[in-house]
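Summary of structural features
The chain contents come next:
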Amino acid sequence: MAGARIDTAPPDGRGARDDTLLVVRAAEGDEDAFAALVQHHAPALIRLATRLLGTRTEAEDAVQDAFISAWRRLPEFQGQASFGTWTYRIVTNRCLNILRGRRPAAPLESAGEVAAPEHVVSPARIAEGRDAVRELSQALDQLSAEQRACWVLRELDGRSYEFIADAVGISQEAVRARVFRARRCLTQALGAWR
């Protein structure tokens, strides 16, 4: 599993009921069962990690590390939450650790220019879009790692407060408070774009 990139094919529609049997088989050492779990859950976990970390490459690395950790810890998995929720929690914690350990990032302006197709948008519209992305990036950087995780899971991933509480390992009230503070902070920071 180490060194291989995660297949991000769309899930095949299996639900938590099928996960239960796969988890039992994987805990007994069945690598094919674990591979099926990875294939089923990886796309959503990579989307989450990309939203939290900002880059696909870093997100894939975080998810791969999380699956390696899950494989090693699978015999300890008690089934109190679904396998999906358990892996969301592992990925969220991995991303939070990465976010906490980051040094302040260089401004987006220092990144190289990416040429847009000539037929798409006017230069003024491109400049406006860059400004919006820069301000959103700066506003997200002002959030604590926990606020950012809760906000991303709620607003971009559409998860319930209960799910977020399980994934992040805090109470639902704490999730609601962090989402509220994140919304308030983002609203203030992005007031010009309303």
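Residues numbered from 1 in each chain as written. Predicted model: local features only at pLDDT ≥ 70, side-chain atom pairs only at ≥ 80, totals over all residues. Heavy atoms only, no water.

So, the overall build of the protein chain
Note the threshold: Helix and strand labels come from DSSP, where a helix needs a run of H or I of at least four residues and a strand needs a run of E of at least two; each type is numbered from the N terminus. Note on exposure labels: buried denotes an accessible area under 20% of the residue type's maximum, exposed denotes more than 50%, and partly exposed covers the range between, all computed with a 1.4 Å probe on protein chains only. The criterion used for residue contact is that any of the two residues' heavy atoms lie within 4.5 Å.
For the protein chain, the count of helices and strands is eight helices and zero strands. Moving toward the C terminus, one meets the helices and strands of the protein chain in the order α-α-α-α-α-α-α-α. Burial analysis of the protein chain (194 residues in total) assigns 35% to the buried set. Long-range contacts, defined as pairs at least 24 residues apart, comprise 70% of the intrachain contacts of the protein chain with a sequence gap of at least 6.

Focus: the nonpolar core
Short version of the rule: We call a set of buried Ala, Val, Leu, Ile, Met, Phe, Trp, Tyr and Cys residues a nonpolar core when their side-chain atoms join them within 4.5 Å.
Counting 53 residues, the largest nonpolar core has Phe-34, Leu-74, Phe-83, Tyr-88 and Val-91 as the members making the most contacts within it. Contributions of two or more residues to this core are made by helix H1 (16-27), helix H2 (31-53), helix H3 (56-73), helix H4 (83-101), helix H5 (123-142), helix H6 (145-156), helix H7 (161-168) and helix H8 (172-189). The greatest single-element share of this core, amounting to 13 residues, is contributed by H2. For Tyr-88, the contacting residues outside a window of four places in its chain are Ala-44, Leu-45, Leu-48, Leu-153, Asp-157, Arg-159, Phe-163 and Ala-167.

Description of the packing of H2 against H6
Just so we agree on the cut-off: Here an axis means a line fitted to C-alpha atoms, over the contact stretch when the element is a helix, while the angle between two N-to-C directions is reported on a 0 to 180 degree scale. Geometric relationships in this document are graded by angle, where less than 35 degrees denotes roughly parallel, more than 145 denotes roughly antiparallel, 65 to 115 denotes roughly perpendicular, and other angles denote oblique. The sense of a crossing depends on the near helix, which, turned anticlockwise from the far helix by less than a right angle, makes the crossing left-handed and, turned clockwise, makes it right-handed. Classification convention: Asp, Glu, Lys, Arg as charged; Ala, Val, Leu, Ile, Met, Phe, Trp, Tyr, Cys, Pro as nonpolar; all other residues, Gly among them, as polar.
At a minimum axis separation of 10 Å, H2 and H6 run at an interaxial angle of 130°. Classified by the interaxial angle, the pair formed by H2 and H6 is oblique. As H2 packs across H6, the resulting crossing turns out to be right-handed. Where H2 approaches H6, its residues Leu-48, Arg-51 and Leu-52 are matched on the opposing element by Arg-148, Ala-149, Val-152, Leu-153 and Leu-156. In terms of residue class, the contact of H2 with H6 is made up of six nonpolar, no polar and two charged.

A look at the packing of aromatic side chains
The line we're drawing: Here the aromatic set is Phe, Tyr and Trp, taking the six-membered ring for Trp, and pairing holds for ring centres within 6.5 Å; pairs whose planes are under 30 degrees apart are stacked, those over 60 apart are edge-to-face, and all others are tilted.
All chains considered together, the criterion is met by seven aromatic pairs. Judged by centre distance (5.8 Å) and plane angle (55°), the rings of Phe-83 and Trp-86 are tilted. Residue Phe-83 and its partner Trp-86 are located together in helix H4, separated by three residues, close to a single helical turn. A ring pair is formed by Tyr-88 and Phe-163, whose centres lie 4.8 Å apart and whose planes are at 80°; its orientation type is edge-to-face. On the criterion of sequence distance, the pair formed by Tyr-88 in helix H4 and Phe-163 in helix H7 is long-range, its members being 75 residues apart. Both residues of the pair, Tyr-88 and Phe-163, count as buried.

What to know about the pattern of salt bridges
Threshold: The working definition used for a salt bridge is a side-chain nitrogen of Lys or Arg within 4 Å of a carboxyl oxygen of Asp or Glu.
Tallying each qualifying case throughout the model produces seven salt bridges. One salt bridge in this structure joins Arg-183 and Glu-155, with 2.3 Å as the shortest N-O distance. Residue Arg-183 is found in helix H8, and its partner Glu-155 is found in helix H6; the two are separated by 28 residues along the sequence. Its relative accessible area of 34% is what places Arg-183 among the partly exposed residues.

Things to note about H3
Formally: Here, expected helix span is obtained from the residue count minus one, scaled by 1.5 Å.
Between its first and last C-alpha atoms H3 spans 25 Å; for 18 residues at 1.5 Å apiece the expected length is 26 Å, and the two agree. Residues of H3 that are buried include every one of Ala-59, Glu-60, Ala-62, Val-63, Gln-64, Ala-66, Phe-67, Ile-68 and Ala-70, and no others. Those residues of H3 that are buried lie in contact with H2 and H4.

Considerations on H2
We apply this condition: Fitting one axis to the seven residues ending at a residue and another to the seven starting there, the bend at that residue is the angle between the two axes.
Helix length check: H2, at 23 residues, gives a terminal C-alpha distance of 29 Å against a target of 33 Å (1.5 Å per residue), a shortfall beyond 12%. Along H2, the sharpest change in direction is near 45° and occurs at Ala-42; proline Pro-43 comes one to four residues later. One or two positions beyond H2, positive phi appears at Gly-54, with a value near 95°.

A short note on the environment of His-41
If you trace the backbone, His-41 turns up in helix H2. Relative accessible area serves as the criterion here: at 13%, His-41 is assigned to the buried category. In this structure, the C-alpha to C-alpha distance between His-41 and Phe-67, residues 26 residues apart in sequence, is 9.9 Å.

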